[in-house]
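Below, each chain spelled out in residue letters.
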Amino acid sequence: MIKEIQSLIKARNKSLINAENKVQELTKENQILRQKRLQDVRNNIKILEQENKKIELIKRITDLVNGNKYNNEKVILNIIRELVTDYQSQN
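Parameters and conventions
- Residues numbered from 1 in each chain as written.
- Predicted model: local features only at pLDDT ≥ 70, side-chain atom pairs only at ≥ 80, totals over all residues.
- Heavy atoms only, no water.
- Salt bridge = Lys/Arg side-chain N within 4 Å of Asp/Glu carboxyl O.
- Helix = DSSP H or I, 4+ residues; strand = E, 2+ residues; numbered from the N terminus.
- Axes fitted to C-alpha atoms, helices over the stretch in contact; angles between N-to-C directions.
- Parallel < 35°, antiparallel > 145°, perpendicular 65-115°, else oblique.
- Contact = heavy atoms within 4.5 Å.
- Nonpolar A, V, L, I, M, F, W, Y, C, P; charged D, E, K, R; others polar.

Description of the pattern of salt bridges
One side chain can pair with another of opposite charge once the charged atoms of both are near each other.
Then, in step 1: On inspection of all chains with the given rule, the structure shows 3 salt bridges.
Then, in step 2: Taking the shortest distance from any N to any O, the salt bridge between Glu51 and Lys54 comes out at 3.6 Å. With Glu51 and Lys54 both in helix α1 (residues 2-66) and 3 residues apart, the pair spans about one turn of that helix.

Looking at the packing of α1 against helix α2 (residues 73-90)
Then, in step 1: Their axes nearest at 10 Å, the elements α1 and α2 cross at an angle of 170°. What the angle tells us is that α1 and α2 run roughly antiparallel. Contact with α1, carried on its side by Gln50, Lys53, Lys54, Leu57, Arg60, Ile61, Leu64 and Val65, involves Ile76, Ile79, Ile80, Leu83, Val84 and Tyr87 of α2 and no other residues of that element.
Then, in step 2: Here the contact of α1 with α2 is composed, by residue class, of 10 nonpolar, 1 polar and 3 charged.

This is the structure in structure tokens:
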């Protein structure tokens, strides 16, 4: 009877150790995934900022073209070139 109880205790202890090891493994894995997710969020923010700059540039060009009351395409083309150059120098 005592040997059965000791055997049962050993088996339970082994199971408990295995469970603790699994928890530690999953905790480490969770930390790695959190770091990757955080890096993805940072990358997405950078991409969003770049896209917003492009949208602003397109809006400025659209406003310029729509505001061309004198049909002077050369002036608009020069201003568009200037806007694009400004955008490129910022990136």
